[in-house]
Structure formats: structure tokens, C-alpha cells
Amino acid sequence: MRGDYVSPPIPNLKIVNRIHVLRAERRITQQQLADAVGVTRGTIVAIEKGNYNPSLELAFRLSRYFNTDIHSLFTIEEDTNEKN
Amino acid sequence: MKKINRFLPKYLLYSSPAVAIIFVWGFLQEQADAMGTNSAFVKILREALSLHLVFWFMVLIYVLILLLVSSGFRDTFLSKLARIRERDERERSIIGQSSRFAFFSTLALLVVLFFFLTVHITFVRLPAEKAVNGKRNAVTIGLQFGLRDTPAPVKEQGSGEIVFSTQPFPVSKQVMVLALILWHMGTFYYLSRKIQSGE
């Protein structure tokens, strides 16, 4: 029976976030948010554009700042635009 | 002591143009001295500036030693020199990726350099009378590895004209080390800028 098992293909997952939406609702700038959570504005830009996934610590700091739970701030979905 | 150590690189940098001027001026005054046209004031001034020059070089040597032995000084000094900014986790991540890229590309370059320093390849164009089966082009491959830098004697290449040879290595040690520094910093910059521009 060895070698019969074929592992299912692992889907490419993408983390999407609602930071841009929440920031617009509260009318705060990227710089203000960056200062509040202790990062640079570039990092907020990169997170909003989906180019950088924050660490768990930063994700918690963001969710605490927006007074929401981490699941409503960050969601995971299948990446349909596969590069490979 | 930390304050002094922080001040020293600035002193070296900002006084370097003055040091260069003192060098040139000192050289010109030395010629004037030989002709005996210098006044006593100029001689005293030259002595004073020479002392400053000695002090500047002593500081330079101290800073270079500090670079090797003090990790804190090395971190702050080289971070400023290479313009590395680690203000948050994303910048640290970029620096990590760029360092990896710079490390591997420099290692590859070092391996290539080591090959060309160890293996000597010489292309020779033999004279018509020494041609083998009508072929005049020849390649010789040699190997040299030594703990001390004594150049291997150049062998007679069948009295042929050397078209190209990797021995002696075409660049000096100073150029090689400078090229390695620039390559290492350049590859680091290249990737960190590339990552940041992609965001």
C-alpha cells in the first residue's frame, strides 16, 4: 500500500484585511494609525495593499486599536491570481 | 566613552576635506622648505597641522579597531553608512531578505574570484613554426594555492604570444576588496529598493 496516498493540492491562500475600510470610517490617516500602533506609514500602506502580512503581534495591536476582533479585521481566502 | 565613540566618525568625516587640503598644502610647503623660502610662521603652522594629521590617523585606526571589536559601535556606524533603517517589523523583514540576497551574491562572487585566483588559464598564439597540426592557438591551465602571496613564476608559453591570461590577476588587491564592498552594498540596496518599490 506504500505510495498510494496522494496528498491533496494545497491551495494558495491570501490574507485580506479591512484596515482601509475601518480607517476611512474613523477618518484617520495612515500616519495616525501608524503612530498609534508603532510602525511606519510604509508598513500601513503595504498591509492595506496586501503586499505585507503583519506579524501576529501587530495584527492584535491593529485589532485592539479598531476595537474589533482579529477575525473581522483579517480574513483568509483562496488566491485565484496564482503566480505559478 | 559611548558619546566620544559616537562623535569620532563624525569628526573623521567632516574633517576629511581639511585633511586632504593639509596633505596637498604640506606637500607644496615641503618643496618650498627645500628651497628655503618659507617663513617661520609657515613652518610652525605646518608643524601644527601635521600634528592634527597624525591625530586624525590615530582616530581613524581607533575607529577601525572599534569596528572589529565593538558590536554596538559596528551596528550603529555601519547602519548609518549603509543607510539601513529598522524602524518596524516590515523594515526588519526587508533587511533580512536583502541581507540574504547580498550574502549569497557576494558568496558567489567570492567563489568565482577564488577560482580565478587558484586556476590560471592562459590563451597562447604560437608562432607558425611551432604550430601543431596547423593549429596555432593553445590553452594552458595551471593551479596555484599558497598560504602566502608569492606569485607563481610565469612559464615560457612555447615562445608564443600570450593572448589572454588570468595570471597575474588583472586587478590589484585594493580594487578587489573595494569591488567586494561595493558589490555587497550594491546588491543589498538593489533588493531592498526593489522590495520597497513593489509595495
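Chemist: A description of the sheet that holds strand 2 (residues 137-143) of chain B should follow, citing residues and the corresponding values.
Modeler: All names here are of chain B. Across the sheet, which stays open at both edges, the 3 strands sit in the order 2-1-3 with antiparallel pairing between neighbours. The outermost strands of the open sheet, each flanked by one partner alone, are strand 2 and strand 3 (161-165). Averaged over all neighbouring strand pairs, the angle between strand axes comes to 25 degrees, with direction disregarded. As paired elements, strand 1 (residues 119-125) and strand 3 share 4 bridges and run antiparallel to each other. Of the residues in strand 3, the one forming a bridge with Thr122 is Ser165.

Chemist: Explain the environment of Ala32 of chain B residue by residue, including any values.
Modeler: All names here are of chain B. With respect to the helices, strands and loops of the structure, Ala32 is situated in helix 1 (residues 2-35). Here Ala32 falls in the buried class, since its relative accessible area comes to 15%. Sequence spacing of Ala32 and Ser70 is 38 residues, and the spatial spacing of their C-alpha atoms is 44 Å.

Chemist: Tell me about the interface of chain B and chain A, residues and numbers included.
Modeler: At the interface, 8 residues of chain B touch 12 residues of chain A. Of the roughly 760 Å² buried where chain B meets chain A, counting both sides, 48% is carbon and sulfur surface. Here chain B is connected to chain A by 0 salt bridges. By residue number, the principal contributor to the side of chain B that touches chain A is helix 4 (residues 89-118) of chain B, which donates 4 residues. For the side of chain B that touches chain A, the residue count by class is no nonpolar, 2 polar and 6 charged.

Chemist: Kindly report on the layout of surface pockets, identifying the contributing residues and their values.
Modeler: Residue and element names in this part refer to chain B. Empty space within the largest pocket amounts to approximately 690 Å³. In terms of lining residues, the largest pocket is bounded by 21 residues, among which Arg6, Pro9, Phe73, Thr76 and Phe77 are the most central. Looking at the lining of the largest pocket, the elements that each hand over two or more residues are helix 1, helix 2 (40-69) and helix 3 (71-81). Of the residues forming the lining of the largest pocket, the biggest block, 8 residues, is contributed by helix 1. Residue classes in the lining of the largest pocket are distributed as 13 nonpolar, 4 polar and 4 charged.

Chemist: Give a detailed account of unusual backbone geometry, specifying residues and quantitative values.
Modeler: Despite not being glycine, Arg27 of chain A has its phi angle at roughly 55 degrees, a positive value. By the secondary structure assignment, Arg27 of chain A is in the loop between helix 1 (19-26) and helix 2 (30-37). Within the chain, Asn133 of chain B stands out as a residue other than glycine whose phi angle is a positive 50 degrees.

Chemist: Residue-level account of the confidence of the model for chain B, with values.
Modeler: Residue and element names in this part refer to chain B. Scored by pLDDT, chain B has a mean of 85; 92% of the residues are at 70 or more. Within chain B, strand 3 has the poorest average pLDDT of any element, 77, and helix 4 the best, 93. Under the prediction, the complex receives an ipTM of 0.79, its pTM being 0.74.

Chemist: Before we move on, can you summarise helix 4 (residues 56-65) of chain A with the specific residues and values?
Modeler: Leu58, Ala59, Leu62 and Ser63 of chain A are the residues of helix 4 of chain A that are buried. End-on, the buried residues of helix 4 of chain A take up no more than an arc of 135 degrees, which puts them together on one face. Opposite the buried face of helix 4 of chain A, by more than 90 degrees, sit the exposed residues Leu56, Glu57 and Arg64 of chain A. Check the buried side of helix 4 of chain A and you find it contacts helix 1, helix 2, helix 3 (41-48), helix 5 (70-73) and strand 2 (74-78) of chain A together with helix 4 of chain B. Two residues or fewer past helix 4 of chain A, Asn67 of chain A is found with a positive phi of approximately 55 degrees.

Chemist: With reference to specific residues and values, describe the pairing of strand 1 of chain B.
Modeler: Residues and elements named next belong to chain B. Taking burial as the measure, the 7 residues of strand 1 include 5 buried ones, the bulk of the element. Bridge count for strand 1 against strand 2 is 7 bridges, and the pairing is antiparallel. Bridge assignment links Val119 to a residue of strand 2, and that residue is Leu143.

Chemist: Tell me what's going on with the pattern of salt bridges, and back it up with residues and numbers.
Modeler: Two side chains carrying opposite charge are able to pair once their charged atoms lie near each other. The final tally for this structure, using the stated rule, is 3 salt bridges over all chains. Between Glu48 of chain A and Arg23 of chain A there is a salt bridge, and its shortest N-O distance comes to 2.5 Å. Placement of the pair is Glu48 of chain A in helix 3 and Arg23 of chain A in helix 1, with a sequence separation of 25 residues. Arg87 of chain B is the partner of Glu91 of chain B in a salt bridge, and the nearest nitrogen-oxygen pair spans 2.5 Å.

Criteria and cut-off values
- For every chain, the first residue of its written sequence is number 1, and the numbers climb from 1 along that sequence.
- Labels follow written order: the first chain is A, the first ligand is 1, and so on.
- Local features are withheld for residues below a pLDDT of 70 in this predicted model, meaning they are given only at 70 or higher, and side-chain atom pairs are given and counted only at 80 or more; totals for whole chains, interfaces and linings count all residues.
- Here the side-chain values reflect all heavy atoms present in the structure, with hydrogen atoms and water set aside.
- Strands are treated as partners if at least two bridges between them are detected by DSSP.
- A run of H or I in DSSP becomes a helix once it reaches four residues, and a run of E becomes a strand once it reaches two; helices and strands are each numbered from the N terminus.
- Working convention: axes come from line fits to C-alpha atoms, limited for helices to the stretch in contact. Angles between N-to-C directions cover 0 to 180 degrees.
- In this scheme, a residue with accessible area under 20% of its type's maximum is buried, one over 50% is exposed, and one in between is partly exposed, where area comes from a 1.4 Å probe on protein chains only.
- By the convention used here, residues are in contact when the closest approach between their heavy atoms is within 4.5 Å.
- Defined in terms of a 1.4 Å probe, buried area is the accessible area two parts forfeit on being brought together, summed over both.
- What makes a salt bridge here is a side-chain nitrogen of Lys or Arg within 4 Å of a carboxyl oxygen of Asp or Glu, nothing more.
- Gly counts as polar in this scheme, as do all residues outside two lists: the nonpolar Ala, Val, Leu, Ile, Met, Phe, Trp, Tyr, Cys and Pro, and the charged Asp, Glu, Lys and Arg.
- A 1.4 Å probe that fits into a set of points on a 1 Å grid over the protein atoms alone but cannot get out defines a cavity; an open set with protein on both sides within 12 Å along at least five of seven lines defines a pocket, and lining residues are those with an atom within 4 Å of a point.
- Grid points are joined across faces, edges and corners, and a volume is the space filled by probe spheres set on the points.
- The predictor reports its confidence for every residue as pLDDT, a score running from 0 up to 100.
- Think of it as the arc spanned by the lines of direction from the helix axis to the C-beta atoms.

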